[in-house]
Amino acid sequence: MSRFLFYLILINMITNMVSITPRILIVGSNTGTVLSLVLALIIGMIFTYILVILFSRFPGQGLPEILNAYTPKWFATPVLLFFAVAWYIAGLFTLIIYTFIINRFLTPEMSMYTVILTFVAIVTYGICMGTKNILYMGEIIFILIVPLIFFIQLKGYMTPELNWDYIRVALMEVNHLPDYSAFTSSLFIVIGTANLVIFNRFFTKLKKPSGKGMALLTFICAYILATTYFLPIGIGGFDSLDNALYPWIMTSDSLRMKFGIIERVVFIFIGAFLALGVVSMIIHWHVSIKLLSSVVYFKKFNWKSYNLTLPFFIVIFWGIAIISTKTVTVYGLFKSVEAFDNFGLPFMLLLLVSCLLLARKGAASKWRESKK
């Protein structure tokens, strides 16, 4: 597997460690989160393998090219619009979550509009970049930031405040049936492969997953899933996390670097995840705007020989984002993310696999006709 595909998967996974996902997992701690994590890991790896295999049959082609070539237009158009909206919502959740985190923990006196406008400047530049450039940018930030995040996690595992009895108690809940919300939230962590709907244009020679590659990916995913759930419980316990919307922020704030330049780890922690969060937003909205442009394109919407379709979509993206960020409540955000994971995500994955199978069948039919 290409290293860039690993980056797409791991950036999506790590970014969700500080989002609403840990809260959903901890809420289901008494109703089957442990088995949900195991089940999500298995099914996530199966979906990853299937998606890579299916996209490797269409080298250098994104989902718009695949569907337009091998499926009827009445089918391709609504499917592409649905995926464009789904990817936009995924990026919107990341934007709202990180805006709330910055406003609450870093700059409580700063206007929310200032935070959003800062994101506007950075993310707008990012989503207008070429697909290849986004992958290179993601690689650079991944290499710089992930060692720092791993160091913070390692410090969490080595801190005297870590109570392994809490982790053992959490493991004892393995006798419960899987919790659906915890399962779907965990599945979102391990399914960054779906970004190939656009980024497959970069992979002109996408290789099939090797046994070693899948084993390494499975190990990394298992580590991240386990750390996302168990480490906050081990440090904070169940009682203190009952009302914590961001368990990992609370966990990192309990860590100190006695001889460090910055003593409170939480500032380093939020800064590191903010960098990955921006990359995640750029990836999601880049995919969304490319899918949308493949369906809706205003040929006569020009200004001095420059087509304004892309800027028009960007203005709509940010208009919806600003209104949503200003109006949504913390509870509303939690329920919205949970609903998207529970209903939107499974349908999206099943539809994506079905579309690729249908396109593969159409491609085979065209090949047989060309041989006659």
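Note that the coordinates shown come from a computational prediction; the quantities given were computed from them, not determined experimentally. Starting afresh in each chain, residues are numbered from 1 along the sequence in its written order. Since the coordinates come from a predicted model, pLDDT governs what is reported: local features require at least 70, and pairs of side-chain atoms require 80 or more to be given and counted, while whole-chain, interface and lining totals use all residues. Only heavy atoms go into the side-chain values, all of them from the structure, while hydrogens and water stay out.

This part is about the packing of helix α1 (residues 3-15) against helix α11 (residues 211-240). A fitted line through C-alpha atoms serves as each axis, taken over the contacting stretch for helices, and the angle formed by two N-to-C directions is quoted from 0 to 180°. Numbering of helices and strands runs from the N terminus, with a helix taken as a DSSP run of H or I at least four residues long and a strand as a DSSP run of E at least two residues long. Running from amino to carboxyl end, α1 crosses α11 at an angle of 10°, the nearest separation of the two axes being 11 Å. Here α1 is positioned roughly parallel relative to α11, judged by the angle of their axes. Contact with α1, carried on its side by Phe-6, Ile-9, Leu-10, Met-13 and Ile-14, involves Gly-213, Leu-216, Leu-217, Ile-220, Cys-221 and Ile-224 of α11 and no other residues of that element. When its residues are assigned to classes, the contact of α1 with α11 shows 10 nonpolar, one polar and no charged. Roughly parallel means an angle under 35 degrees; roughly antiparallel means over 145; roughly perpendicular covers 65 to 115; every other angle is labelled oblique. Contact definition: two residues touch when any of their heavy atoms are within 4.5 Å. Gly is placed with the polar residues, together with every amino acid not listed as nonpolar (Ala, Val, Leu, Ile, Met, Phe, Trp, Tyr, Cys and Pro) or charged (Asp, Glu, Lys and Arg).

Bringing a nonpolar patch on the surface into the picture now. Taken together, Val-38, Ile-42, Ile-46, Tyr-49 and Ile-50 make up a surface patch of nonpolar side chains, about 420 Å² in accessible area. Secondary-structure assignment places Val-38 in helix α3 (residues 33-56). Val-38 gets classed as partly exposed once you look at its relative accessible area, which sits at 43%. Patch membership needs two things, relative accessible area over 30% and no salt bridge, and members are linked within 9 Å if like-charged or within 5 Å if nonpolar (Val, Leu, Ile, Met, Phe, Trp, Tyr). Areas reported as accessible are Shrake-Rupley estimates using a 1.4 Å probe. Residue values count occlusion only from the protein chains shown. The salt bridge definition used is simple: a Lys or Arg side-chain nitrogen within 4 Å of an Asp or Glu carboxyl oxygen. Note on exposure labels: buried denotes an accessible area under 20% of the residue type's maximum, exposed denotes more than 50%, and partly exposed covers the range between, all computed with a 1.4 Å probe on protein chains only.

Looking now at the pattern of salt bridges. Here the structure, examined in full by the defined rule, presents four salt bridges. The shortest N-O distance in the salt bridge between Arg-3 and Glu-139 comes to 2.6 Å. Placement of the pair is Arg-3 in helix α1 and Glu-139 in helix α7 (residues 131-158), with a sequence separation of 136 residues. Put simply, Asp-165 and Arg-168 hold a salt bridge, and the shortest N to O gap is 2.7 Å. You can see Asp-165 and its partner Arg-168 sitting in helix α8 (residues 164-171), three residues apart, about one turn around the helix.

Moving on, we get to the packing of helix α5 (residues 73-106) against helix α13 (residues 265-295). It is the contact of α5 with α13, at a shortest axis distance of 8 Å, that shows an interaxial angle of 160°. By the angle between their directions, the pair α5 and α13 is classed as roughly antiparallel. Handedness of the crossing formed by α5 with α13: left-handed. By definition, any crossing whose near helix is turned counterclockwise from its far helix by less than a right angle is left-handed, and any crossing with a clockwise turn is right-handed.

With that settled, the discussion passes to the side chain of Asn-103. Along the polypeptide, Asn-103 turns up in helix α5. Taking relative accessible area as the criterion, Asn-103 reaches 17% and is therefore assigned buried. Apart from residues lying up to four places away in sequence, Asn-103 is in contact with Pro-108, Met-110, Ser-111, Met-112 and Val-115.

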